[in-house]
Amino acid sequence: MHLDLWMCSPPLLLLWITLLSRASGTPVPAQNHSPESAAASAGGERLLARAKRGWVWNQMFVLEEFSGPDPILVGRLHTDLDVGNKNIKYVLAGEGAGTIFAINELTGDIHAMKRLDREEKAEYTLTAQVVNADTDEPLEPPSEFIIKVQDINDNPPQFIEGPYRASVPEMSAVGTPVTRVTATDADDPVYGNSAKLVYSILEGQPYFSVDPNSATIKVALHGMDREMREEYLVVIQAKDMGGHMGGLSGTTTVTVTLTDINDNPPKFAKSLYEFVIPEDLPIGKMGGKVKANDRDIGDNAKSTYSVMEGDEQGMFEVVTDSQTQEGILRLKKPLDFETKRAYTLKLEATNIRPEPTGGGPYKDTATVKIVVEDSDEPPIFSKAVYQLEVNENAPINTVIGSVNARDPDSTASQVRYFIDRHTDLERQFNINVDDGKITLAKPLDRETDLWHNITVTATEVRNHSQISRAIVAIRVMDINDNAPEFATEYEAFLCENGKPGQVIQTVSAVDKDDPIQGHYFDYRLVPEMLHNPNFTIKNNQDNSITVLAKHDTFRRQKQEMYFLPIIVTDNGNPPMSSTNTLTIRVCGCSKDFVVQSCNVEAYVLPIGLSMGALIAILACIVLLLVVLFVTLRRHKNEPLIIKDDEDVRENIIRYDDEGGGEEDTEAFDIATLQNPDGINGYLPRKDIKPDLQFMPRAGQHSGPNGVDVDEFINVRLHEADNDPTAPPYDSIQIYGYEGRGSMAGSLSSLETASSDSDQNYDYLREWGPRFRRLGELYSVGESDRET
C-alpha cells in the first residue's frame, strides 16, 4: 500500500508516504518515472500553480506499534527540486525526530528506529523541510504532518486492587452477591477488541460463580454452613479480545469468608448435674457451674440461664460468666440442712439473639440435683435484739429478763450464755450461763445512764468455737428519787427606794426525774417564814414563782442582806421536796430602779468617809508600796562579796565526796560559776549530746565581787531543771575549770624531797585485806633496805 501526496508550495515539495502493515507485509513498489507520468505531473503542476500557490496540506498517517528490534520504514519524502540536483538534503524535526524517527538526508526515507508503544505515546507531530546541503538554507517552507501509532493487543488484563477479601453470611441464597472485582487493560478500548474483557472463574466452583461482564461474584450453592467450612478461595480470570482465542489474560484471588448467623441452639454438656453444697455457704457464693455449648460464635453463641422448676422458695439463681459463658449457680437464701436436705432444679439455657429464620427452639434444658451438706452451725437466738426494762431502784439480783438461743444442728448441743464484758465495763449485770436470765449486779441510776446496751454470747457446749451474739438493750425506768431544786444559784437585789409589792426575783425549779405526766412544782415558805413582815411569794402557774417585797422601808444601814428559805415539792409518788434559800441584797438604785451600789458605800458612809477620802487613802497605800519595793530592790543589788578575804563560798558549797577538809574549798573559784567564757555565747554541754538546739542565755554582767550567790544558784538550778539536754543526775552544771590548786600539794612522788626509804608504809598492812596488795608494794624488808 502506497500513497502519493503532492503538496503545492513555492517551490513544490512532494511528500511520498508509504504505510507498511505488519499484518500484511506488503512490499513497497518501485517509483514509475515514465514520460507520460512526467508530462501529467508537469501539467498538474501548472494547473495547481494557476489555481493557488502558497497552501500546505497537513496529513495524518497511521502506523502500527511494533516491538522492534529492526528499524521499520515509515514513509518517504520527495520534492520536485530533487531532479538530478545533488545539492539538497531532507531535514526532519519535531517529536521523536532524531531519536525515534530518522530520515535519510539524500533519499528522504523515514524509519522508526525504536519500539513504538501506543500506551506510552499515541501520536507524534513532525515537520519536514528541504534545505541546501552546503549552506543549510531552507529551499522550501516546512511541512507538518502527524504520525499516529495504531494499537495492537500487547497488554494483558491486570487486577490492580487484588488479591481480594470478601464475606457473605452463611446459609445465603443462591445468587446472593459477594463482591465485585475489576481488571484493567492498557490497550486502546476504542480500537478493536484488544481491551474488551470477559471474566470467568477458574477455582471456587461449585460454591461461587462470576458474571462474565460485570465481574460480580455470587453464591452458587445453597446451604453453605460456616460450622462445616468457613473460608473459600476463588480464582477469577479476565481475558481480552472478548474472550476469543489468542487474547491475553490475567487472574486474581478472592478469599471469601462465611460470617456466622445464629443457626445453632445452645446444648448442655450434660443432661444431669449433681452438686453438694454445705448449708453454711454464704449468700451470693458459687455452689456449682453448668455450661451450654453453642457452635455459633460471638454474640450468637451467648446464652442466658434460668431456673425453670424446683425452686419454689427462690433459694437459687444462675448468672452467666461473661468470659466463659458458664452458668454460675449461686445462693439467694441461706440453706438449712435440718429443714430441707435436697433440691432438684430444671435449668434452661437460651440464646440472647433470636434466630433469623424463625426456627428453633434455640434453647436447651438440663437437670441439677443439689444435696445439702450438714454443717456445725452456731446457736441461733430467738431475737436479734432484746429490749428489757428495769426500775432504777431495783434491788441487787433482780431478774431483769432472759434471752434464749438454740443449736440448729440435729445434734442439738446444749448452749451456755455469757455477757461480753467489753460492753459492760462496770459489770452492772450478770447472766445465768444455763438459762440466760439477766440479773442486776449493781444499783442503777436513770439520771446517769438511761440505756445500757450489752452483748450476750451463746456458745455450744460441744464446740466452743460456735458462738453467736445478740444485743440486749436495757432501759432504766424512772422513779421519783430526786427532789426538785432551784434552777440556778439565784442572787436577788432589792432597791431601798422600792415600793411595796415590787418584784424582787422570779424563781423556777428543776428535777432530775422524768415523770410520764410531766413536772408540777409546789412552792411555799418554810413555816417560820410564813408570817414574815418582809417578803411574800406568788405562784405564776408555770412551775415558777415571783418573790415580792411587802414594804418600802428596807435600808442598807439597817440590814444589808436577807435570806428567804423556800420549800419546793414535786408531784411524784411519793413526793420529794427540798429547801432552797434565796439570798436578797439591799442596794441603792436610781429613780428608774436601776441597781447602782449594794455594799461598798453602805460600809463606808456610816464611819463618815466620803468616796473622795477613800480614793485618797488608797492612793497613799499604793505610793507606800512603790517606795518600799524600790528600797528593797536597791538593797538587793548591793554586792555580797566585798573582798576576797570575806568570801563566803565555803558556807554554800556542798561536797558529797570525801575531800581534804576546809582547806579544800580553796580549789573552787566562785568566779567560775559566772561562766565568764559563756557570757558572749552558749557553751554546749560536753558530758552529753543534746538532741535539741536552744538559744544562748544571757550571761551575768555583775563583776566578780558583786555576785549574788543565792540568786545565781537558783537561776542555774531552774535552767537545769527545764533543760531537756541536762544529764539524768542531779547537777547544777559541769565546768571545765581546773582551779588554782590545793594547799595539800601534790600526792605524786616524782617531785618529793624525801625518798622511799624515809617513808614507813607498814601501817598499810593494818588497814585490812583491801590494802594488803598496796602494803606489799610499798613495804620493803630488811634486805631491801640494806641494798
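Only a predicted model underlies this, so the values are computations on that prediction, with no experimental measurement involved. (Residues numbered from 1 in each chain as written. Predicted model: local features only at pLDDT ≥ 70, side-chain atom pairs only at ≥ 80, totals over all residues. Heavy atoms only, no water.)

## Points about the pattern of salt bridges
Oppositely charged side chains can form a pair if their charged atoms are brought close together. Enumeration according to the criterion identifies 21 salt bridges in this entry. The salt bridge partner of Glu326 is Lys289, with a shortest N-O separation of 3.7 Å. In this pair, Glu326 sits in strand S22 (residues 326-331) while Lys289 sits in strand S19 (residues 286-293), placing the two residues 37 residues apart along the sequence. For Lys289, a relative accessible area of 40% translates into the label partly exposed. Ionic pairing is found between Arg462 and Glu460, a salt bridge with its closest N-O pair at 3.6 Å. Judged by its relative accessible area of 0%, Glu460 is buried. Three or more residues joined by partner-sharing salt bridges are found here, namely Asp376, Asp407, Glu460 and Arg462. (Salt bridge = Lys/Arg side-chain N within 4 Å of Asp/Glu carboxyl O. Helix = DSSP H or I, 4+ residues; strand = E, 2+ residues; numbered from the N terminus. Buried < 20%, exposed > 50% of the residue type's maximum accessible area, 1.4 Å probe, protein only.)

## Points about unusual backbone geometry
Here the bond from Gln205 into Pro206 is cis, since omega is 0°, no more than 30 degrees from zero. Across the junction of Asn573 and Pro574, the peptide omega takes the value 0°, indicating a cis bond. Tracing the chain through its elements places Pro574 in the loop between strand S40 (561-569) and strand S41 (577-589). Here the phi dihedral of Met241 falls at roughly 60°; this positive angle occurs in a residue that is not glycine. Tracing the backbone shows Met241 in the loop between strand S15 (231-239) and strand S16 (249-259). Exposure remark for Met241: the relative accessible area of 25% places this residue in the partly exposed category.

## Focus on the state of the cysteines
On inspection of all chains with the given rule, the structure shows two disulfides. The disulfide that involves Cys495 links it to Cys589, with 2.0 Å between the sulfurs. Taking the sign of the S-S torsion, about -85° here, the bridge from Cys495 to Cys589 comes out left-handed. Taken as a pair, Cys495 in strand S35 (residues 491-495) and Cys589 in strand S41 lie far apart in primary sequence, 94 residues in all. Residue Cys495 is classed as buried on the basis of its relative accessible area, which comes to 5%. Covalent S-S linkage joins Cys587 and Cys598, the inter-sulfur distance amounting to 1.9 Å. Disulfide Cys587 to Cys598: torsion about the S-S bond roughly 100°, handedness right-handed. One end of the pair, Cys587, is in strand S41; the other, Cys598, is in the loop between strand S42 (595-597) and helix H2 (600-604), and eleven residues separate them in sequence. When its relative accessible area of 0% is taken as the criterion, Cys587 is described as buried. Residue classification places Cys598 among the buried positions, given a relative accessible area of 14%. (Disulfide = S-S within 2.5 Å.)

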